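Structural overview for review
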Amino acid sequence: MFPLILHRFVLTIVALGGLAPLHAQAPAIPQQTESDPNLPPKGGNWSLRAATVTDPSLPRVLLIGDSITNGYLEPVRKALAGKANVDAWITPTTQADKSLPKTITAILAWQKYRVIHFNLGLHGWQAGRIPDGQFEPLTRQLVQNLRAGAPQATLIWATITPVTVKGEPEKLNPEIQPTIDEHNRMALVVMESEGVEVNDLDGLMGKNLPLAAGDMFHWKKEGMVLITDQVTKSIEAAFTKKKTP
């Protein structure tokens, strides 16, 4: 009798919009690839990574980003163990991806998120990937899509990390970095006007270029420790803030 009552109680909570089912089916999203061999997922694949949930009462966090996010996903999960359940969408997408709004809608319908920490950056610098003049409006649309799908969530934009010269990690890449700088500048304009919090990973790692891995885009273990610590602190700070309507 007791298990039956408990089962009905859980179903009632879910029906009323409370706790999500512990083993909710993850949504099907488009498979993605990256044509640039310099931008692999580094230790995984492009996919939606669901948290292993043992306590569904904890707040849910969503990380959105590329291989940099893939590098700090597991350390952030470890740092937030007992404090949050952390999902991640590891993706090479850009704001110009026509399937992006539908994918965002599907992911945000799957779970109710308290914090969404997001970045789209290192896969959008190549000419033609994002049409001229469209980075800022498309980034604004991304923010609005996230807010529409998760109005209860605190949004945190992570700035795009620096790109260095291959084999010379202490030097910024003179061909790519100007585009990264401009994209960061335009994104910050959007985030300020939209009231989105900012985690300045670009500023953090710009002061720590010797920790670059030497492949232009990624970071040594010591660099990932710095990034993990700042990402974790930004999420924890969001837990303590009251969400404004």
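Keep in mind it's a predicted model, so treat the numbers as computed, not measured.

Calculation notes
Residues numbered from 1 in each chain as written. Predicted model: local features only at pLDDT ≥ 70, side-chain atom pairs only at ≥ 80, totals over all residues. Heavy atoms only, no water. Core = buried A, V, L, I, M, F, W, Y, C linked by side-chain atoms within 4.5 Å. Buried < 20%, exposed > 50% of the residue type's maximum accessible area, 1.4 Å probe, protein only. Contact = heavy atoms within 4.5 Å. Helix = DSSP H or I, 4+ residues; strand = E, 2+ residues; numbered from the N terminus. Pairing = 2+ DSSP bridges. Right-handed = clockwise from strand over helix to strand, strands pointing away. Salt bridge = Lys/Arg side-chain N within 4 Å of Asp/Glu carboxyl O. Polar contact = N/O pair within 3.5 Å; in protein donor to acceptor, adjacent residues only side chain to side chain. Expected span 1.5 Å × (residues − 1). Arc of directions from axis to C-beta. Axes fitted to C-alpha atoms, helices over the stretch in contact; angles between N-to-C directions.

Concerning the nonpolar core
Grouped together as the largest cluster of nonpolar side chains are 63 residues, with contacts concentrated most on Ile64, Tyr72, Ile116, Phe118, Leu146, Trp219 and Ile227. Contact partners of Ile64, with chain neighbours within four places excluded, come to Thr69, Trp89, Thr91, Ile104, Ile116, His117, Phe118, Asn119, Leu120 and Leu146.

Examining the pairing of strand S4 (residues 115-118)
Where burial is concerned, the two faces of S4 agree: the one with Val115 and His117 and the one with Ile116 and Phe118 are both buried. Direction of pairing for S4 relative to strand S5 (residues 154-158): parallel, over a ladder of 4 bridges. Its bridge partner being in S5, Phe118 is matched across the sheet by Trp157. What joins S4 to S5 is helix H4 (residues 135-149), and the crossover it makes is right-handed.

With respect to the pattern of salt bridges
For the structure on display, the rule yields 11 salt bridges. Its salt-bridge partner being Asp87, residue Arg60 comes within 2.7 Å of it at the nearest N-O pair. A residue pair is termed long-range when its members are at least 10 positions apart, and Arg60 in strand S2 (residues 60-65) and Asp87 in strand S3 (residues 85-90) qualify at 27 residues. With respect to class, Arg60 is no different from Asp87; both count as buried. Connected through salt bridges with shared partners, the residues Glu136, Arg140, Arg147 and Glu194 form a single ionic network.

Looking at the side chain of Arg60
Owing to a relative accessible area of 11%, Arg60 belongs among the buried residues under this scheme. Here Asp87 takes part through its side chain, which lies 2.7 Å from a polar atom of the side chain of Arg60.

Details of H4
Counted at 1.5 Å a residue, the expected span for H4 with its 15 residues is 21 Å, and the 21 Å between its end C-alpha atoms agrees. Inspection of H4 places Phe135, Thr139, Leu142, Val143, Asn145 and Leu146 among the buried residues, and these make up the whole buried set. Down the axis of H4, the smallest arc covering the buried residues is 160°, so these residues share one side. Summarising the contacts, the buried residues of H4 are in contact with S2, helix H3 (100-110), S4, S5 and helix H5 (177-194).

Topic: unusual backbone geometry
For Met216, which is not glycine, the phi torsion reads 90° and is therefore positive. Structurally, Met216 is set in the loop between helix H6 (201-206) and helix H7 (221-240).

As for the environment of Val196
Turning to its location among the elements, Val196 is positioned in the loop between H5 and strand S8 (197-199). Through-space distance from the C-alpha of Val196 to that of Leu155 is 5.7 Å; in sequence the pair is 41 residues apart. Ignoring any residue separated from it by four or fewer positions in sequence, one finds Val196 in contact with Phe118, Val143, Arg147, Leu155, Ile156, Trp157 and Met191.

Here's the deal with the side chain of Asp215
Along the polypeptide, Asp215 turns up in the loop between H6 and H7. Separated by 3.2 Å, the side chain of Asp215 and the backbone nitrogen of Phe217 make a polar contact. Looking at Asp215, its side chain comes within polar contact range of the side chain of His218, at 2.7 Å.

A short note on the sheet that holds S5
With mixed pairing, 6 strands are arranged side by side in an open sheet as S1-S3-S2-S4-S5-S8. Only two strands of the sheet have a single neighbouring strand rather than two, namely strand S1 (47-49) and S8. Neighbour-to-neighbour, the strand axes of the sheet open up by a mean angle of 20°, direction not taken into account. Across the sheet, H3 lies against S1, S2, S3 and S4, angled at about 165° from S3, the strand it touches most. The sheet strands contacting H4 are S2, S4 and S5, and the helix crosses S4 at an angle near 160°.

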